[in-house]
Amino acid sequence: MFGKFGLEYCDLPTMMWNVEVLLRTLTIRSNRRFDKPIPWIYYVINISTGLCYFYTYMLSTAWFVLVRCRETGDFISAMVALSLTMCSITCIPKIFYMKYYQNTVMDLVDNYLHCNELIVSGTRFEKNFFANMRTVKKQATIAWVILTLNGVVFVTLPFLRPGRHFSQDLFALYGLDPMVESPNYEKASILLTLAVYFSLTVMVHITLFIIVIIGFLESQMLALSVELSNIWEDSKKFYNYYVLHHNESITKYELRNLFIKNRLRDIVKFQIMIVSLRNKVEKELRFIFVNDFIFMIFALVSELVGGLENTMIQMPFTFGMVFIDCFIGQRLIDASKAFERAAYGSKWENFNLSNQKTVLFMLQCSQKTMTLTAGGIAILDFIYLMSVLKSTYSAYTTLKSSA
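Residues numbered from 1 in each chain as written. Predicted model: local features only at pLDDT ≥ 70, side-chain atom pairs only at ≥ 80, totals over all residues. Heavy atoms only, no water.

An unreviewed UniProt entry lists the chain under the name Odorant receptor, with Danaus plexippus plexippus as the source organism. Here the chain is described in UniProt, under the heading Sequence similarities (unreviewed entry), as follows: "Belongs to the insect chemoreceptor superfamily. Heteromeric odorant receptor channel (TC 1.A.69) family." (UniProt positions renumbered as here; feature names shortened; annotations may be inferred.)

What follows is the structure, encoded as structure tokens:
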């Protein structure tokens, strides 16, 4: 139904192609293997909508907060205007970062695709990996639908209400006041719609890219966990098959440990590559996570201070962006811990000394749980999500009481 965007196409090359198609609408390249030129119309659309965003949610917000609201003394309107900018302004540093470090991003994707090519076709590992990647693609699809639907509702709801309204009636654009009179109303409506389109597509499409690359690491770790959990039983099956087709004189203990040695070698190789990829993601994309960390907290606080009755549509979007970062971070932590439990539960006590040392090395590497951080400031997980909500509410009550 959806072509290669459907859940049945959950291999990494196809999913990276899906992301590439979306990022190209932002004139961003992430995959060298998809080397078709970006259509010029995308450059026109992004430059024009980007300028609309700059005028609407940066220039106009600065004027509205620093000039208009100081004259009127309307603190609530200032907070509402500020919240509109805070929840969307990360689109500017994100798109510039992805454009400026485009080659670095493509190098990162090349490393992912190389790691993916090492998976042996037809194995249980590949089957479990695809099952996990299908879940990742489902999560990415749900995130795209919910965030995009929120943006569509934000833009279209004013047109469904009687009279002339905007997405935020308390906010005014610089040079277009009064906004409810023609032709200012028509101009403002177009500018606001194009600005929302720009910020929404940039934030959502780059978020989908992050979901896929972190989901790949999670899927690999979970698939490796299954291999570790079954390695002792697999060695028994291998021994039974071997003695049935060969007449060589080798003990059961030696043969099973020979199988385990080869299997552990492959698992360790994947483990090292996954840890290396995670470190590269942490290094290359920390700027994006830091931006979300800073601006989304300010957005939540300003949305609460501005009143939920005024920010009830944009606040779910802001919370959704914070939740997605914490969710994928928590999933990576869970997958890392699952691998550690699988290594400890692999019945290593039955292995020979050499294989026991290999398992010990794997356990030592697993002691440092793989995480995502906001530039090293905070670990992105559900604990952090709850602390954000608590600190946001505390800041809200403090500002509300002093207002």
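A. Representation of the side chain of S88 in the model. Residue position: S88 is located in the loop between helix 3 (75-86) and helix 4 (91-100). With a relative accessible area of 6%, S88 lands in the buried category. With residues up to four places along the chain from it excluded, the contact list for S88 reads Y53, S199 and M203. (Helix = DSSP H or I, 4+ residues; strand = E, 2+ residues; numbered from the N terminus. Buried < 20%, exposed > 50% of the residue type's maximum accessible area, 1.4 Å probe, protein only. Contact = heavy atoms within 4.5 Å.)

B. Region of interest: helix 13 (residues 353-366). Given a rise of 1.5 Å per residue, 14 residues ought to cover 20 Å, and the 20 Å separating the end C-alpha atoms of helix 13 matches this to within 8%. Among all positions of helix 13, only N355, V359, M362, L363 and S366 are buried. End-on view of helix 13: buried residues confined to an arc of 100 degrees, all on one side of the axis. Across helix 13 from its buried face, at more than 90 degrees, point the exposed residues L353, K357 and Q364. Against helix 7 (184-229), helix 9 (252-284) and helix 12 (314-344) lie the buried residues of helix 13. (Expected span 1.5 Å × (residues − 1). Arc of directions from axis to C-beta.)

C. Seen up close, a nonpolar patch on the surface. A surface patch of nonpolar side chains, about 640 Å² in accessible area, is lined by W40, I41, Y43, V44, I47 and L51. For W40, the position within the fold is in helix 2 (residues 40-72). Judged by its relative accessible area of 65%, W40 falls in the exposed class. (Patch = residues over 30% accessible without salt bridge, like charges linked within 9 Å, V, L, I, M, F, W, Y side chains within 5 Å. Areas by Shrake-Rupley, 256 points an atom, 1.4 Å probe, with all protein chains shown as cover. Salt bridge = Lys/Arg side-chain N within 4 Å of Asp/Glu carboxyl O.)

D. Here's a closer look at the environment of S366. Note that S366 resides in helix 13. Sequence-wise, S366 and Q271 are 95 residues apart; in three dimensions their C-alpha atoms are separated by 9.2 Å. With residues up to four places along the chain from it excluded, the contact list for S366 reads Q271, F339 and E340. Looking at S366, its side chain comes within polar contact range of the main-chain oxygen of M362, at 2.8 Å. (Polar contact = N/O pair within 3.5 Å; in protein donor to acceptor, adjacent residues only side chain to side chain.)

E. The UniProt feature "transmembrane region" (unreviewed entry) in the chain, seen in detail. As annotated in UniProt, the feature "transmembrane region" (unreviewed entry) corresponds to residues 40-63, 75-97, 142-160, 188-217, 287-307 and 370-389 in the numbering used here. Helix makes up 83% of residues 75-97 and strand 0%, whereas the separation of the span's terminal C-alpha atoms amounts to 33 Å. Helix makes up 40% of residues 370-389 and strand 0%, with an end-to-end C-alpha separation of 24 Å.

F. Region of interest: the nonpolar core. Counting 119 residues, the largest nonpolar core has Y57, Y112, F209, I210, I213, F216 and L285 as its most contacted members. Broken down by element, the residue count for this core peaks at 25 residues, all from helix 7. When sequence neighbours within four positions are dropped, the list of residues in contact with F216 reads L12, Y112, C115, N116, F129, M133 and L277. (Core = buried A, V, L, I, M, F, W, Y, C linked by side-chain atoms within 4.5 Å.)

G. Region of interest: the side chain of N291. Within the secondary structure layout, N291 lies in helix 10 (residues 286-305). Among the residues examined, N291 registers a relative accessible area of 7% and is labelled buried. Not counting residues within four places of it along the chain, the set of residues in contact with N291 comprises T90, P93 and M296.

H. Expanded view of the packing of helix 3 against helix 10. Here helix 3 crosses helix 10 at 150 degrees, and the two axes come no closer than 8 Å. In terms of their interaxial angle, helix 3 and helix 10 are classed as roughly antiparallel. Like other packed secondary-structure pairs, helix 3 and helix 10 cross with a definite hand, here left-handed. Counting all contacts with helix 3, which are made through F75, I76, M79, L82, S83 and M86, the residues of helix 10 involved are F295, F298, A299, S302, E303 and V305. The residue makeup of the contact of helix 3 with helix 10, split by class, is 9 nonpolar, 2 polar and 1 charged. (Axes fitted to C-alpha atoms, helices over the stretch in contact; angles between N-to-C directions. Parallel < 35°, antiparallel > 145°, perpendicular 65-115°, else oblique. Left-handed = near helix turned anticlockwise from the far one by under 90°. Nonpolar A, V, L, I, M, F, W, Y, C, P; charged D, E, K, R; others polar.)

I. Broad picture of the state of the cysteines. The final tally for this structure, using the stated rule, is 0 disulfides. With no disulfide of its own, C69 has C87 as its nearest cysteine by sulfur position, at a separation of 16 Å. Not engaged in a disulfide, the cysteine C91 finds its nearest cysteine sulfur in C87; these two sulfurs lie 9.6 Å apart. Note on C91: relative accessible area 0%, which makes it buried. (Disulfide = S-S within 2.5 Å.)

J. Representation of the packing of aromatic side chains. In this structure the tally under the stated criterion is 24 aromatic pairs. Here the aromatic rings of F125 and F270 are separated by 5.3 Å at their centres, their planes lie at 40 degrees, and the arrangement is tilted. With F125 in helix 6 (residues 124-160) and F270 in helix 9, this residue pair connects regions lying 145 residues apart in the sequence. With respect to burial, F125 and F270 carry one shared label: buried. Relative to W348, the ring of Y344 has its centre 6.3 Å away and its plane inclined at 55 degrees; by these criteria the two rings are tilted. On the basis of relative accessible area, W348 is assigned to the partly exposed category, the value being 29%. Grouping aromatic residues by their ring pairs yields a cluster made of Y53, Y57, W63, F64, F171, Y174 and F198. Seen from the ring of W17, K4 lies directly overhead, with NZ or CZ sitting 5.9 Å from the centre. Its end group placed over the ring of W232, R256 keeps NZ or CZ at 3.8 Å from the ring centre. (Phe/Tyr/Trp six-rings, centres within 6.5 Å; stacked < 30°, edge-to-face > 60°. Lys NZ or Arg CZ within 6 Å of the ring centre and 35° of its normal.)

K. Region of the structure containing unusual backbone geometry. The omega torsion of the bond from D177 to P178 falls at 5 degrees, within 30 degrees of zero and hence cis. Within the secondary structure, P178 is located in the loop between helix 6 and helix 7. With omega at 0 degrees, the peptide bond leading from S182 into P183 counts as cis. Within the secondary structure layout, P183 lies in the loop between helix 6 and helix 7. Notably, T27 is not glycine yet its phi reads approximately 65 degrees, a positive angle. Relative to the elements of secondary structure, T27 occurs in the loop between helix 1 (12-24) and helix 2.

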